[in-house]
Amino acid sequence: MNRTQIYLDEDQTIRLDERAAAEGTSRSTVIRRAVDSYLSREEQDTAAWRSNWAKAIEGTAGVAPYLEEGADYVEDIRHEDAARLSRLEA
């Protein structure tokens, strides 16, 4: 276990002490539980976002079959941009 020091305002300290007393535990235990809860929620939110992102990608895959794939598509756009720039500079 690692020691960590934090500053809490008076209201936070009072509320933590009340919670700890009601549960028959220490302020540190209440804080550790709160941190675990926060981190779990954060990890769940991240996992949900990734899942939704993957579904969106899967749902849009193949919607423009007329476009070239990946690097070829980008190179064609660059070539067209260079040609247009050459025409504008002439």
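Residues numbered from 1 in each chain as written. Predicted model: local features only at pLDDT ≥ 70, side-chain atom pairs only at ≥ 80, totals over all residues. Heavy atoms only, no water.

Draft legend 1. The environment of Ala56, seen in detail. Looking at the secondary structure, you find Ala56 in helix α2 (residues 27–60). A C-alpha to C-alpha distance of 16 Å links Ala56 and Asp45, two positions 11 residues apart in sequence. (Helix = DSSP H or I, 4+ residues; strand = E, 2+ residues; numbered from the N terminus.)

Draft legend 2. Expanded view of the packing of helix α1 (residues 10–23) against α2. For the pair α1 and α2, the least separation of the axes is 8 Å and the interaxial angle reads 100 degrees. Relative to α2, the element α1 is oriented roughly perpendicular. Touching Thr13, Leu16, Asp17, Arg19, Ala20 and Glu23 of α1 are Arg27, Val30, Ile31 and Arg33, all from α2. Looking at the contact of α1 with α2, its residues break down into four nonpolar, one polar and five charged. (Axes fitted to C-alpha atoms, helices over the stretch in contact; angles between N-to-C directions. Parallel < 35°, antiparallel > 145°, perpendicular 65-115°, else oblique. Contact = heavy atoms within 4.5 Å. Nonpolar A, V, L, I, M, F, W, Y, C, P; charged D, E, K, R; others polar.)

Draft legend 3. Highlighting a nonpolar patch on the surface. On the surface, a nonpolar cluster with roughly 470 Å² of combined accessible area is contributed by Tyr66, Leu67, Tyr73, Val74 and Ile77. On the secondary structure map, Val74 appears in helix α3 (residues 70–89). Assessed through its relative accessible area of 35%, Val74 is described here as partly exposed. (Patch = residues over 30% accessible without salt bridge, like charges linked within 9 Å, V, L, I, M, F, W, Y side chains within 5 Å. Areas by Shrake-Rupley, 256 points an atom, 1.4 Å probe, with all protein chains shown as cover. Salt bridge = Lys/Arg side-chain N within 4 Å of Asp/Glu carboxyl O. Buried < 20%, exposed > 50% of the residue type's maximum accessible area, 1.4 Å probe, protein only.)

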